[in-house]
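So the chains spell out like this:
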Amino acid sequence: MIATRKLGELTVGAQGLGCMGMSQAYGVRDNDDESIATIHRALDLGVTLFDTSNIYGPGTNERLLGRALADRRDRAVVATKFGIVWGEDGSMGARGDAAYVKQCCDESLSRLGVDHIDLYYQHRVDPNVPIEETWGALAELVAAGKVRYLGISEAAPATIRAAHAVHPVTALQSEWSLWTREIEAEVVPTCRELGIGIVPFSPLGRGFLTGAVTSTADLPADDMRRNLPRFADGNFDRNLAIVDALRKIADEKGVTAGQLALAWVQSRGADVVPIPGTKRRTYLEQNVAAAEIELTAEDLARIEQAAPADAVAGARYPEQYARAAGK
C-alpha cells in the first residue's frame, strides 16, 4: 500500500489515477472491463484519488468511473471537472458562468451516480466571466453538500489567489513532468504559500517518457498525440534523446524510464500527488511502484542533467488548444 499525502485538508493516496484514457484520446476505447479492473486494483494498492471530467468521452468516463466505484464509494476520492467547451472549429474554449457551473455539477453527479463530488475542479478559466462569479457558484455547491472540496486547473497565480479569496482552493491541477516545467517558477510557490496541493497531470509526458513510443507510427490513427507538437516530425527525435538519457539512469537503478520520470514528480514535495493515466493493470502496478522509489541527491542531479527544463522540443499544445490554457 502506498503512503498518503495531503492536498490542503484532503488526505489521498500519494499517487492518483487519471481515467481519461479509458474513454478517449489515446486510441480506441476497447475494454471497459479491464478499465474497471484497473480502478479496483488501484484501490487495493492504496490509490484513492480518481480523476475524470465531464468532457472525457464526453460524459462516458464519468459513467464508467461511477460503475467501477458503485460498491466501493466510501474508499474513493472522486474528482471531476467542468469548464472546457469545444468550438465548432475544434478550438478549446471555457465557460464559467454561475448557471453553467451548477448545471454541470448536477449532470456530473447524475453520471457518476453519487450524491457528492469529493474534489470539483474548474477545468479551464473563462476569460469572459469574473473568477469571483465562478467561485461564488462553486462555494454555493459546497454549502449545498454537492461538493466537498474545490480545485482549479491550468490557472495563473493571480487567478489562483482570486479564487482562493472567495473559497479555499484545495488543489491545483496542471501539467508537470520532466518535459513540462512551466509551473515551477510562479505557480508552485503560490500554491505553497496558500497551502494548496498540486496534482500533476501527464506526469509521464503523455506516455512519451516511458520510452514505449518510439515512432508516431506506434500511435493509433485516432490518437490525440498525433496532433501534439512534441510528437511531430523534427521534435520527436530530439525528445527521444531525452528518454534515452533517462533510460540509462533508470537501468542503473533497476527501474524503467517511466518509473524514474514518475518518481521525479513524486519527489517534488509532500504536497504533490501525480495522476498518471492508464487503462491496464500492468501499467498501473508499474506506476504505483514508482511512488516507493527513493531518489538521492546524486540521482536528482543526473536526472536534471539528462532532462534539463529547456531541452524539450515543441509546444505542449497546438494553437487551437493553447488559447485556453494557463489563464
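Note: the structure precedes this text.
We now turn to the structure provided with this report.

Rules of the game
- Numbering of residues starts from 1 in each chain and follows the order in which that chain's sequence is written.
- Only residues with pLDDT of 70 or above have their local features reported here, since the model is predicted, and side-chain atom pairs are shown and tallied only from 80 upward, although totals for entire chains, interfaces and linings are computed over all residues.
- Here the side-chain values reflect all heavy atoms present in the structure, with hydrogen atoms and water set aside.
- Secondary structure counts use DSSP, requiring at least four H or I residues in a row for a helix and at least two E residues in a row for a strand, with both numbered from the N terminus.
- In this scheme, a residue with accessible area under 20% of its type's maximum is buried, one over 50% is exposed, and one in between is partly exposed, where area comes from a 1.4 Å probe on protein chains only.
- Put simply, two rings from Phe, Tyr or Trp (the six-membered ring, in Trp's case) pair if the centres are within 6.5 Å, and we call them stacked under 30 degrees between planes, edge-to-face over 60, tilted for the rest.
- By definition, two strands form a pair when at least two bridges between them are found by DSSP.
- With the strands pointing away from the viewer, any crossover whose connection runs clockwise from the first strand over the helix to the second is right-handed.
- The term salt bridge refers to a pairing of a side-chain nitrogen on Lys or Arg with a carboxyl oxygen on Asp or Glu at a separation within 4 Å.
- Convention adopted: a line fitted to C-alpha atoms gives each axis, helices being fitted over their contacting stretch, and angles between N-to-C directions are expressed from 0 to 180 degrees.
- Roughly parallel covers angles under 35 degrees, roughly antiparallel covers those over 145, roughly perpendicular covers 65 to 115, and oblique covers all other angles.
- Crossings are classed by handedness, with left-handed meaning an anticlockwise turn of the near helix from the far one by less than a right angle and right-handed meaning a clockwise turn.
- Two residues form a contact once any of their heavy atoms are found within 4.5 Å.
- Residues were grouped as follows: Ala, Val, Leu, Ile, Met, Phe, Trp, Tyr, Cys and Pro as nonpolar; Asp, Glu, Lys and Arg as charged; and all remaining residues, including Gly, as polar.
- Arc definition: it is the arc formed by the directions from the helix axis to the C-beta atoms.
- The term nonpolar core refers to a set of buried residues drawn from Ala, Val, Leu, Ile, Met, Phe, Trp, Tyr and Cys, joined through side-chain atoms within 4.5 Å.

A short note on the environment of N31
Thinking step 1. Of note, N31 is situated in the loop between β3 (17–18) and α1 (32–44).
Thinking step 2. Using a relative accessible area of 33% as the deciding quantity, one classes N31 as partly exposed.

Some words on the packing of aromatic side chains
Thinking step 1. All told, the structure shown has two aromatic pairs when counted by the stated rule.
Thinking step 2. For the ring pair F82 and Y120, a centre distance of 5.2 Å and an interplane angle of 40 degrees mean the geometry is tilted. Placement of the pair is F82 in strand β5 (residues 77–82) and Y120 in strand β8 (residues 117–122), with a sequence separation of 38 residues.
Thinking step 3. Assessed through its relative accessible area of 0%, F82 is described here as buried.
Thinking step 4. Taken together, a centroid distance of 5.0 Å and an interplanar angle of 25 degrees make the contact between W179 and F208 stacked. Taken together, the residues W179 in the loop between β10 (171–175) and α6 (187–194) and F208 in the loop between β11 (197–201) and α7 (235–253) connect sequence positions 29 residues apart. Like F208, W179 is buried.

A look at the pairing of β5
Thinking step 1. Burial runs high along β5: six of the six residues are buried.
Thinking step 2. Burial of β5 is two-sided: the residues V77, A79 and K81 facing one way and the residues V78, T80 and F82 facing the other way are all buried.
Thinking step 3. Of the strand pairs in this sheet, strand β4 (residues 49–51) and β5 are connected by three bridges, and their pairing is parallel. In the strand pairing of β5, D51 is matched with A79.
Thinking step 4. After leaving β4, the chain enters helix α2 (residues 60–69) and then returns to the sheet as β5, a path that is right-handed.
Thinking step 5. Relative to β8, β5 runs parallel, the two being bridged by four bridges.

Regarding the pattern of salt bridges
Thinking step 1. Under the defined criterion, the tally for this structure stands at 19 salt bridges.
Thinking step 2. Across the pair D97 and R95 runs a salt bridge, and its minimum N-O distance is 2.6 Å.
Thinking step 3. A relative accessible area of 18% places D97 in the buried class.
Thinking step 4. Each of R73, D118 and R148 takes part in a single network of salt bridges with overlapping partners.

What about the packing of α1 against helix α9 (residues 281–290)?
Thinking step 1. One can describe the packing of α1 onto α9 by two numbers: an axis separation of 9 Å at closest approach and a directional angle of 25 degrees. One element, α1, and the other, α9, form an angle in the roughly parallel class. Taken as a pair, α1 and α9 cross one another with a handedness that is right-handed. Here E34, A37, T38, R41 and A42 of α1 lie close against α9, whose contacting residues are R281, L284 and E285.
Thinking step 2. Its residues assigned to classes, the contact of α1 with α9 shows three nonpolar, one polar and four charged.

Quick look at the sheet that holds strand β9 (residues 147–153)
Thinking step 1. With respect to topology, seven strands assemble into an open sheet ordered β3-β4-β5-β8-β9-β10-β11, the strand pairing being parallel. With partners counted over all chains shown, the strands left at the sheet margins are β3 and β11, one partner each.
Thinking step 2. Relative to β11, β10 runs parallel, the two sharing five bridges. Within the sheet, the bridge partner assigned to S174 lies in β11 and is P200.

Observations regarding α9
Thinking step 1. Looking at α9, one finds that the buried residues are L284, N287, V288 and A290. Axial view of α9: buried residues confined to an arc of 145 degrees, hence all on one face.

Overview of the nonpolar core
Thinking step 1. By size, the foremost hydrophobic cluster in this structure holds 83 residues, and its most contacted members are L17, F50, Y120, I152 and L246.
Thinking step 2. Per-element accounting of this core gives the leading share, seven residues, to α7.
Thinking step 3. In this view, I152 contacts Y121, Q122, V125, I131, W135, T159, I160, A163, V169, A171, L172 and Q173; residues no more than four positions away in its chain are not counted.
Thinking step 4. The next biggest cluster of nonpolar side chains, apart from the first, holds 14 residues, and it includes L49, L119, Y121 and F201.

Things to note about the pairing of β8
Thinking step 1. Of all the six residues making up β8, six are buried; the element is thus mostly covered by neighbouring parts of the structure.
Thinking step 2. Since β8 and β9 lie parallel, the crossover through helix α4 (residues 131–143) that links them has a hand, and here it is right-handed.

Comments concerning the environment of T190
Thinking step 1. Assignment of secondary structure puts T190 in helix α6.
Thinking step 2. Expressed as a C-alpha distance, the spacing of T190 and P157, which sit 33 residues apart in the sequence, is 6.2 Å.
Thinking step 3. With near-sequence residues (within four places) excluded, T190 lies in contact with P157, I160 and R161.

A look at the environment of L300
Thinking step 1. By the secondary structure assignment, L300 is in helix α10 (residues 297–306).
Thinking step 2. In this structure, the C-alpha to C-alpha distance between L300 and W264, residues 36 residues apart in sequence, is 7.5 Å.
Thinking step 3. For L300, the residues in contact, after removing those within four places along its chain, are W264, S267, R268 and L295.

Remember that the coordinates give geometry; whether it matters functionally is a separate question.
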